[in-house]
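Each chain, written out:
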Amino acid sequence: MSKIKVGIIGCGGIANQKHLPALKSLSDRVEIVAFCDIIPERAEKACKEYGAEGAKVFTDYHDLLAMDEIVSVHVLTPNVSHCELTCAALDAGKNVLCEKPMAATPADAQKMLDAQKRSGKILTIGYQNRCRQDSLTLKAMCDNGDLGEIYYAKAHAIRRRGVPTWGVFPDKSKQGGGPLIDIGTHSLDLTLWMMNNYKPKSVMGASFEKLGRTLQPGNQGNTMGVWDPETYEVEDSAFGFVTMENGAVIVIEASWALNTLDISEALTELCGTKAGADMKDGLRINTVLYDKLTTIKPDCRTPKGVDFFEGFGALRPEVYEAKRYYDAIEGKGEPVVKPEEAFVVTQILDAVYQSAKTGKLIEF
Ligand SMILES: NC(=O)c1ccc[n+]([C@@H]2O[C@H](COP(=O)([O-])OP(=O)(O)OC[C@H]3O[C@@H](n4cnc5c(N)ncnc54)[C@H](O)[C@@H]3O)[C@@H](O)[C@H]2O)c1
């Protein structure tokens, strides 16, 4: 059987850390036939390392989308461009795996949903944290009702000093925001998915620009290099209080720089009527057994050197994510993330920003 032909748009950090290695692990099923980046050396380098024989290199994504043989496109560019590139790819008849967040605004995310419906192609968003062992295990428990009704949750994405210093992360015009849209998005996605609740009612939010623009090189303590306070344009922390239609509430905490020791990201904490769960020290289920407070710790370590097992024991999250997407293209099941779910994540994050700006409750 011939392999599914893939095009890559954006050959920077996430392409090299996640997508290209994941596609390499699926090389019996897919081959990358085109690479596009506005910085040509990046596309050339990726092509050399990961390209199929005769793979092409472009600086204009229209040229890549004009290749009829391409069936699937990975959109791996800064947030604000996701909408334009994804819509163009869907309209060109390609399936799309777009990086997270879906878009910088709900209006853009809506355009992507519309393009997906128009095209009838598959669109999924790169929330690979759903594909971790702890996440898949917790999701199975939630779906099985083991936690009961989940009425309180916390989406946690806090770094003490973890301002990204590559790419365009502190550039508001390219990313649409800071840690909330960058890492808060993963935690909120996990939380909504576990709760299986995509009906927000209202959001109250606050955001802060206290450290990013003021801490000078030499006094930053950043774990990701030195950032330039002069070009830092986004919030350094943001917090949200979300009330869902069914009365459940979610607290969102997101920061790249906050003076706290309570750090962790891409995690959720859930409190239900039968049990609670958190992911801070591995997966922990908090319940009562035989009248005793009991904490159960499923062993969710990933076996070393394994790409995936059968079933949901899937292994490197990015390989599992890609596998499910390519299965869906071949008509076998659904991708891990439905675009309608990622749309609600974008809506809620935008509402946090809007509430922070206006000081008002945002109602849906
Ligand atoms: N899933 C995750 O955990 C995760 C982690 C990091 C980044 N991301 C997401 O991935 C996306 C890219 O982030 P990154 O860290 O790779 O950034 P990056 O800056 O390292 O890479 C982006 C690349 O896109 C190229 N580019 C920009 N506009 C383009 C265009 N119109 N056409 C072709 N190429 C273009 C840039 O030149 C750059 O090489 C962002 O949306 C980010 O949120 C996701």
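Fair warning: this is a prediction, and the values are worked out from it, not measured in the lab.

Draft legend 1. Molecular detail of the site of the ligand. Around the ligand sit 26 residues, and of these Gly10, Gly12, Gly13, Ile14 and Gly167 come closest. Split into classes, the residues belonging to the shell around the ligand amount to twelve nonpolar, nine polar and five charged. Mapped onto the domain boundaries, the shell around the ligand takes at least three residues apiece from domain 1 (4-129 + 317-338) and domain 2 (130-315 + 343-363).

Draft legend 2. Structural view of the sheet that holds strand β8 (residues 200-208). Strand order in the open sheet formed by nine strands is β14-β13-β12-β11-β7-β10-β9-β8-β15, and the pairing between neighbours is mixed. Every other strand in the sheet has two partners, leaving β14 (292-296) and β15 (362-363) as the edge strands with one partner each. Summarising the sheet, strand β13 (residues 284-289) and β14 pair through five bridges and their orientation is antiparallel. Directly across from Asn286, in β14, lies its bridge partner Thr295. Sheet strands in contact with helix α8 (residues 179-195) are β7 (150-158), β8, β9 (237-244), β10 (249-255) and β11 (264-272), and its direction is about 155 degrees off that of β7. Most of the contacts of helix α10 (residues 339-358) go to β8, to which it runs at about 55 degrees, and overall it touches β8, β9, β10 and β15.

Draft legend 3. The pairing of β9, seen in detail. Two elements, β8 and β9, share eight bridges in a ladder whose sense is antiparallel. Its bridge partner lying in β9, Pro200 is registered against Met244. Looking at chain direction, β9 and β10 are connected through seven bridges and run antiparallel. When the sheet's bridge partners are listed, Gly240 is paired in β10 with Ile252. Taken together, β9 and the strand that follows it, β10, pair antiparallel across an intervening segment of four residues, in which Gly247 is found at a positive phi of about 95 degrees.

Draft legend 4. Here's a closer look at the pairing of β8. Bridge analysis of β8 against β15 gives two bridges, and the strand direction is antiparallel. Paired with Ser202 across the strands is Glu363, a residue of β15.

Draft legend 5. Quick look at helix α1 (residues 13-25). The end-to-end C-alpha distance of α1 is 18 Å, a good match for the 18 Å that 13 residues give at a rise of 1.5 Å each. Here α1 has its buried residues at Ala15, Lys18, His19, Leu20, Ala22 and Leu23. Against the buried residues of α1 lie β1 (4-9), β2 (30-36), α2 (40-50), β4 (72-75) and α9 (317-329).

Draft legend 6. Unusual backbone geometry, seen in detail. Backbone torsion omega between Lys100 and Pro101 reads -10 degrees, so that peptide bond is classified as cis. Tracing the sequence through the fold places Pro101 in the loop between β5 (95-98) and α5 (106-119).

Draft legend 7. Region of the structure containing the packing of helix α6 (residues 133-143) against α8. Packing of α6 against α8 brings their axes to within 8 Å, and their N-to-C directions diverge by 30 degrees. Taken as axis vectors, α6 and α8 run roughly parallel relative to one another. Together, Ser135, Leu138, Lys139 and Cys142 of α6 and Leu190, Trp193 and Met194 of α8 make up the contact between the two elements.

Draft legend 8. Just the sheet that holds β1, in detail. On the basis of which strands lie adjacent, the open sheet formed by six strands has the order β3-β2-β1-β4-β5-β6 and parallel pairing. Each of the sheet's edge strands pairs with one partner strand only, and the pair in question is β3 (51-58) and β6 (123-125). Across the sheet, the mean angle separating the axes of adjacent strands is 20 degrees when strand polarity is ignored. Two strands pair when backbone bridges link them, and β5 and β6 are joined in this way by three bridges, in the parallel orientation. Across the sheet, the residue bridging to Val96 is Leu123, located in β6.

Draft legend 9. Fine view of the environment of Asp262. Within the secondary structure layout, Asp262 lies in the loop between β10 and β11. A tally of 10 C-beta atoms within 10 Å means that Asp262 is categorised as exposed. Measuring from C-alpha to C-alpha, the distance between Asp262 and Gly10 comes to 34 Å, with 252 residues separating the pair along the chain.

Draft legend 10. Highlighting the nonpolar core. Ile8, Ile9, Phe35, Cys36, Ala46, Ile348 and Val352 are the most contacted members of the largest nonpolar core, which totals 103 residues. Looking at which domains feed residues into this core, each of domain 1 (4-129 + 317-338) and domain 2 (130-315 + 343-363) gives three or more.

Draft legend 11. Highlighting α5. Between its terminal C-alpha atoms α5 stretches 20 Å, which fits the 20 Å expected from 14 residues at 1.5 Å a residue. For α5, the full list of buried residues reads Asp108, Ala109, Met112, Ala115 and Gln116. The arc that holds the buried residues of α5, viewed along the axis, is 115 degrees, so those residues lie on one side. Of the residues in α5, the exposed ones pointing more than 90 degrees away from the buried face are Ala107, Asp114, Lys117 and Arg118. Residues of α5 that are buried in the fold lie against α4 (82-91), β6 and α10.

Draft legend 12. Spatial organisation of the domain arrangement of the protein chain. Split by domain assignment, the protein chain resolves into domain 1 (4-129 + 317-338) and domain 2 (130-315 + 343-363). With centres defined by C-alpha atoms, the gap from domain 1 to domain 2 works out at 25 Å. At the interface, 25 residues of domain 1 touch 27 residues of domain 2. Mapped by element, the contributors of at least two residues to the side of domain 1 that touches domain 2 are α1, α5 and α9. The dominant element in the side of domain 1 that touches domain 2, judged by the number of residues it contributes, is α9, at five residues.

Reading the values: rules and limits
The written sequence of each chain sets the order in which its residues are numbered from 1. The predicted origin of the model limits local features to residues at a pLDDT of at least 70 and limits the giving and counting of side-chain atom pairs to 80 or more, whereas totals for whole chains, interfaces and linings rest on all residues. Here, nearness is defined through the C-beta atom: a residue counts as near a molecule or strand if that backbone-placed atom lies within 6 Å of it. As a working rule, the residues Ala, Val, Leu, Ile, Met, Phe, Trp, Tyr, Cys and Pro are called nonpolar, Asp, Glu, Lys and Arg charged, and the rest polar, with Gly in that last group. For the domains described, the bounds stem from an automatic or database domain assignment. Any two strands are treated as partners once DSSP identifies two or more bridges connecting them. Starting at the N terminus, helices and strands are each numbered in turn, a helix being any DSSP run of H or I of at least four residues and a strand any DSSP run of E of at least two. Contact between residues is assigned whenever the C-beta positions, reconstructed from backbone atoms, fall within 7 Å. In this analysis, axes come from line fits to C-alpha atoms, helices being fitted only over the stretch in contact, and the angle between any two N-to-C directions falls in the range 0 to 180 degrees. Expected span of a helix, by definition, is 1.5 Å for each gap between consecutive residues, and there is one gap fewer than residues. Exposed residues have 12 or fewer other C-beta atoms within 10 Å of their own C-beta, buried residues have 20 or more, and partly exposed residues fall in between, where C-beta atoms are placed from the backbone. Any angle from 65 to 115 degrees is called roughly perpendicular, while one under 35 is roughly parallel, one over 145 is roughly antiparallel, and all others are oblique. To define a nonpolar core, we join buried Ala, Val, Leu, Ile, Met, Phe, Trp, Tyr and Cys residues through C-beta atoms within 7 Å and take the resulting set. To be clear, the arc concerns the directions from the helix axis to the C-beta atoms.

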